[in-house]
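Results of the structural survey
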Amino acid sequence: MDFSKAIEMIRKSNKILIVSHYDCDGLCSAKILSTALKKENKEISVRIAKELSKKIIEDIEEKFEKENFDLMIFSDLGSSNLSLLPNKDIIIFDHHMPEKIELPENIVQINPIVENMELCGAGVCYLFASKINNNQELIDYAIVGAIGDNQAEIGENRKIVLEAEKIKRLKIEKGLRLFGHINRPLHYSLTYSKLLPLKDCSEVVQFISDLKINLNHSGKIKSYYDLSKEEKERLFLGIIKERIRNNLDPTNIFSDIYLLTKQPRELMDALEFSTILNAFGRLEKFDEALKLLDGNLEKLEEVMTIYKRKLATYLSWTTENINNFQQTKNILFINAGEKIDENMIGTITSIIINSCTNKKIVVGLAWAADGVKISARSRMPEVDLNEVMNKVCEKLGGKGGGHKEAAGGKIEKGKEEKFIKLFAEEIKETIFN
Ligand SMILES: [Mn+2]
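Residues numbered from 1 in each chain as written. Predicted model: local features only at pLDDT ≥ 70, side-chain atom pairs only at ≥ 80, totals over all residues.

On a plain count of helices and strands, the protein comes out with 15 helices and 14 strands. Here the C-alpha radius of gyration of the protein, 23 Å, is about what a compact globule of 433 residues would show, namely 22 Å. Here the C-alpha coordinates of the protein stretch approximately 65 × 55 × 35 Å along the principal axes. Each of the 433 residues in the protein was classed as buried or not, and the buried ones make up 42%. (Helix = DSSP H or I, 4+ residues; strand = E, 2+ residues; numbered from the N terminus. Rg over C-alpha atoms; globule rule 2.2 N^0.38 Å. Buried ≥ 20, exposed ≤ 12 C-beta atoms within 10 Å, placed from the backbone.)

Here it is, written out as structure tokens:
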């Protein structure tokens, strides 16, 4: 990736408007760019966007003109909307599939996909930041962005991971395959991990105490991270024994934990950090998210409580109705209408495909203010969701795209049934229901 043109544009400008995507990767991109550019004495303003519609781009252009900005940077978005972008000096740092038009002259685009590479948006921003100055400490956010987009082990992201380990900002440990290593009470993370064939929390608490592990840690409940080496060993052995006894594979219980050594405890586990940023984004707490990234943890607990409550409500609605949803042999359609917040339909489809169904593709549809938000997840290697979503949404006058295993789109309200039919046809199946 050649950053020279982008650097030249940065050197010439003073007041820069950064427009970034609202998910973990986008928020991390905004953090990296704004920190690095402030260091260069640029005046910076950040705008977080869920998507780039015509209306949003008009808003951005108006702000740009009114407040006399001289450069616009898009991060973790922009490439798929090239023809909508205004005729101003623009830099794009993105890793989404570019719109298939000739790149307008006013735009400098840095997109690893164009060069057949894989790197998350925050990774692109980090490489750029490290070209303009010493910005090593920003590597944390490149890693969190990659984890948020589920690609830390892939392509160029891997190189950044190795660099972070080398400068000791990242430590990768083998640990139990569960979520919330540092900040979740152990019995919760164990219960949700499904590592144990036990039904509920109280059985897990009993299991832990049978192993002579004291969950109490000066009035607070221990997390996985709080266990001593000996306690961890007892826990590993206990889980392995329990799994063998129940005829479950005892080998598949570990995963890598990415520990950001310089972050506060709340944000030290990169996976927890990415979940937090996604939660802030989906609740549209953009200012709070940027403050969190600047080290202000005041709102963390409050926002996460709201998020967990919402997620639990949506998830129980989905699982209660799962047998009534339209489905084919391979696809489950969660046509949620107003039952699920459009910002969270993607999370729900991810959870459902990972732990609540044997279907190979899950598609969620939820009402948004300006149409129906669609989110699809696939674990069928022969399917390219980016292509399918793009084609089907466009047929219905909407827009869609993304990645091979995860893609999204938007169509007009009332076209849900047509979408479902066309989508199933595109995957070449008939709807039985
Ligand atoms: Mn991204």
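Here we come to helix α4 (residues 121-132). Along its twelve residues, α4 runs 17 Å from first to last C-alpha, staying within 8% of the 16 Å computed at 1.5 Å per residue. Along α4, nine of the twelve residues are buried, which leaves the element largely enclosed by surrounding structure. Of the residues making up α4, those classed as buried are Gly121, Ala122, Gly123, Val124, Cys125, Tyr126, Leu127, Phe128 and Ala129. (Expected span 1.5 Å × (residues − 1).)

This part is about the nonpolar core. Formed by 71 residues in total, the largest nonpolar core has its most connected members in Ile32, Tyr126, Ala142 and Ile143. At eight residues, the largest contribution of residues to this core is made by helix α2 (residues 24-39). Residues lining this core come from more than one domain, with at least three contributed by each of domain 1 (4-136) and domain 2 (173-304). Setting aside residues no more than four positions away along its own chain, Ile143 makes contact with Ala152, Ile160, Val161, Ala164, Leu170, Tyr258 and Ala270. With 34 residues, the next largest nonpolar core counts Leu332, Ile334, Val392 and Ile427 among its residues. (Core = buried A, V, L, I, M, F, W, Y, C linked by C-beta atoms within 7 Å. Domains from an automatic or database assignment. Contact = placed C-beta atoms within 7 Å.)

Once that is clear, we can look at the domain arrangement of the protein. Taken domain by domain, the protein consists of domain 1 (4-136), domain 2 (173-304) and domain 3 (313-426). Distance between the C-alpha centres of domain 1 and domain 2: 35 Å. If you look at the interface, domain 1 gives nine residues, while domain 2 gives eight residues. Mapped by element, the contributors of at least two residues to the side of domain 1 that touches domain 2 are α2 and β2 (43-49). In terms of residues, the side of domain 1 that touches domain 2 owes the most to one element, α2, which gives five residues.

Our next topic: the sheet that holds strand β3 (residues 71-75). Strands sit in the order β2-β1-β3-β4-β5 across an open sheet of five strands; the sheet is parallel. Since the sheet does not close on itself, it has two edges, and those belong to β2 and β5 (107-110), each with one partner. Across the sheet, the axes of successive neighbouring strands diverge by a mean angle of 15 degrees, strand direction being ignored. Sheet topology note: the strand β1 (residues 15-21)/β3 ladder contains five bridges and is parallel. Within the sheet, the bridge partner assigned to Val19 lies in β3 and is Phe74. Sitting on the sheet, α2 touches β1, β2, β3 and β4 (90-93), and the angle it makes with β1 is about 165 degrees. (Pairing = 2+ DSSP bridges. Axes fitted to C-alpha atoms, helices over the stretch in contact; angles between N-to-C directions.)

With that settled, consider the packing of α2 against helix α10 (residues 270-282). Close contact between α2 and α10 brings their axes to 8 Å; oriented N to C, the two are set at 95 degrees. When the axes of α2 and α10 are compared, the pair comes out roughly perpendicular. Two secondary-structure elements touch here, α2 through Cys24, Leu27 and Cys28 and α10 through Ser274, Leu277, Asn278 and Gly281. The residue inventory of the contact of α2 with α10, partitioned by class, reads four nonpolar, three polar and no charged. (Parallel < 35°, antiparallel > 145°, perpendicular 65-115°, else oblique. Nonpolar A, V, L, I, M, F, W, Y, C, P; charged D, E, K, R; others polar.)

With that out of the way, let us pick up unusual backbone geometry. Positive phi, normally seen in glycine, also occurs at Lys168, with a value near 65 degrees. Topologically, Lys168 is positioned in the loop between α6 (155-166) and β6 (170-176). Even without being glycine, Glu284 reaches a positive phi, approximately 60 degrees. Positionally, Glu284 belongs in the loop between α10 and α11 (286-293).

Among the five residues of β3, five are classified as buried, and the element is accordingly described as predominantly covered. Here β3 shows no split at all, with Leu71, Ile73 and Ser75 on one side and Met72 and Phe74 on the other all buried. Sheet topology places β3 next to β4; four bridges connect them, and they run parallel. Directly across from Ser75, in β4, lies its bridge partner Phe93.

The subject of this paragraph is the pairing of strand β12 (residues 371-378). Most of β12 sits out of view: seven of its eight residues are buried. Across eight bridges, the pairing between strand β11 (residues 361-368) and β12 is antiparallel. Note that in β12 the partner of Ala368 across the bridge is Gly371. Between β11 and the antiparallel strand that follows it, β12, lie two residues.

On to the sheet that holds β12, then. As summarised here, the arrangement of the five strands in space is β10-β11-β12-β14-β13, forming an open sheet in which the pairing is mixed. Looking at the sheet topology across the chains shown, the edges are occupied by β10 (331-337) and β13 (399-402). When strand polarity is set aside, the average angle formed by the axes of neighbouring strands in this sheet is 15 degrees. Here six bridges tie β10 to β11, and the two strands are oriented parallel to one another. Counterpart to Ile334 in the pairing with β11 is Gly364.

Where helix α5 (residues 139-148) contacts α10, the two axes come as close as 9 Å, and the packing angle between them is 75 degrees. Classified by the angle their axes make, α5 and α10 are roughly perpendicular. Between α5, through Ile143, Val144, Ile147 and Gly148, and α10, the contact on the second element is made entirely by Ala270, Leu271, Phe273, Ser274, Leu277 and Asn278. The residue makeup of the contact of α5 with α10, split by class, is seven nonpolar, three polar and no charged.

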